[in-house]
Amino acid sequence: NAGVMQNPRHLVRRRGQEARLRCSPMKGHSHVYWYRQLPEEGLKFMVYLQKENIIDESGMPKERFSAEFPKEGPSILRIQQVVRGDSAAYFCASSPTQTGELFFGEGSRLTVL
Amino acid sequence: KQEVTQIPAALSVPEGENLVLNCSFTDSAIYNLQWFRQDPGKGLTSLLLIQSSQREQTSGRLNASLDKSSGRSTLYIAASQPGDSATYLCAVASGNYGQNFVFGPGTRLSVLP
């Protein structure tokens with residue numbers, strides 16, 4: 001049973017470009033979470049999704065950031081018009097139930113030049 | 001708003017010692033608490049999950065306890081090994097549906113051979 005798969009592992013973008021981060025949850029998991037970890041800081045909750053629904057996006061910036069988890073395919077975290085402050089590690093986690101054990105991917109490290 | 005703290009921020013011990021890591025949270029209305037380890041540049045590995053109705057969980061040399069009323073959890077590591085060196089994070093699940101996992105800042109552990 002493969003774990004949570006994230007890609008790309010590393011992504012470099014110039015200011016103003018778009019970044020798309022993908023997350024495939026563990027098999028049988030329908031709950032997906034995105035977290036951001038800034039250098040030397042803790043993990044901050046961004047968004048919680050179930051298939052085709054955003055359940056809680058209270059941690060996501062109102063502008064430029066969006067997330068989806070379609071019926072088919074991976075969950076996508078999209079950052080439009082990236083700025084240097086978006087440079088961080090973005091982690092995806094999945095869970096079999098709403099309050100179940102979280103399993104994390106290896107993260108996608110975004111660098112904005 | 002749930003806040004999670006961890007003490008100490010960093011810990012260095014000789015191999016073989018037993019040690020305790022502490023996690024505190026401000027809102028006792030949690031669904032569960034989970035301990036993770038994170039190696040540099042890597043994702044998070046789940047260690048133990050304690051449901052809100054449980055007092056402790058054990059896995060190998062690890063034992064985690066939960067005292068909801070006082071807002072505390074401890075992670076006990078027996079007979080520490082150099083391979084235990086990592087950052088240890090606790091996370092509490094709160095929010096309307098238990099969907100919001102709030103992380104502590106972590107304890108950076110170094111076990112010296």
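Each remark here, short or long, concerns the structure printed above.
A brief report on the enclosed structure follows. (Residues numbered from 1 in each chain as written. Chains lettered and ligands numbered in written order. Predicted model: local features only at pLDDT ≥ 70, side-chain atom pairs only at ≥ 80, totals over all residues. Heavy atoms only, no water.)

1. Comments concerning the interface of chain A and chain B
For the record, the criterion: We call two residues contacting when some pair of their heavy atoms lies within 4.5 Å. The term buried area refers to how much accessible surface (probe radius 1.4 Å) is lost by two components on association, counted for both of them together. What makes a salt bridge here is a side-chain nitrogen of Lys or Arg within 4 Å of a carboxyl oxygen of Asp or Glu, nothing more. Here a helix means four or more residues in a row that DSSP labels H or I, a strand means two or more in a row labelled E, and each is numbered from the N terminus. Note that Gly is not counted as nonpolar here; it falls among the polar residues with everything else outside the nonpolar set of Ala, Val, Leu, Ile, Met, Phe, Trp, Tyr, Cys and Pro and the charged set of Asp, Glu, Lys and Arg.
Each side of the interface is counted separately: chain A has 21 residues, and chain B has 20 residues. For the pairing of chain A and chain B, the buried interface totals around 1,700 Å² over both sides, and the portion due to carbon and sulfur atoms is 53%. On the surface where chain A and chain B come into contact, there are zero salt bridges. Of all elements in the fold, only strand 4 (31-37), strand 5 (43-50) and strand 6 (53-56) of chain A reach the threshold of two or more residues within the side of chain A that touches chain B. Here the residues of the side of chain A that touches chain B sort into nine nonpolar, six polar and six charged.

2. Description of the sheet that holds strand 6 (residues 56-59) of chain B
All names here are of chain B. Test applied: Strands pair, by our definition, only if DSSP identifies at least two bridges between them. Working convention: axes come from line fits to C-alpha atoms, limited for helices to the stretch in contact. Angles between N-to-C directions cover 0 to 180 degrees.
Here five strands make up an open sheet; going across it, the order is 1-3-8-7-6 and the pairing antiparallel. The open sheet terminates on both sides in strands that have one partner only, identified here as strand 1 (4-7) and strand 6. Averaged over all pairs of adjacent strands, the angle between strand axes in this sheet comes to 15 degrees, irrespective of strand direction. The pairing of strand 3 (residues 19-25) with strand 8 (residues 72-77) spans six bridges and is classified as antiparallel. Looking at strand 8, one finds that Ser-24 is bridged to Arg-72.

3. Focus: the sheet that holds strand 1 (residues 5-7) of chain A
Residues and elements named next belong to chain A. Here we have four strands laid out as an open sheet, ordered 1-3-8-7, and antiparallel in their pairing. Each edge of the sheet is formed by a strand with only one pairing partner; in this case those strands are strand 1 and strand 7 (65-68). Each neighbouring strand pair of the sheet contributes to a mean axis angle of 15 degrees, computed without reference to strand direction. The pairing of strand 7 with strand 8 (residues 75-79) spans four bridges and is antiparallel. Of the residues in strand 8, the one forming a bridge with Phe-65 is Ile-79.

Keep in mind that these numbers describe shape and distance, not what the molecule does.
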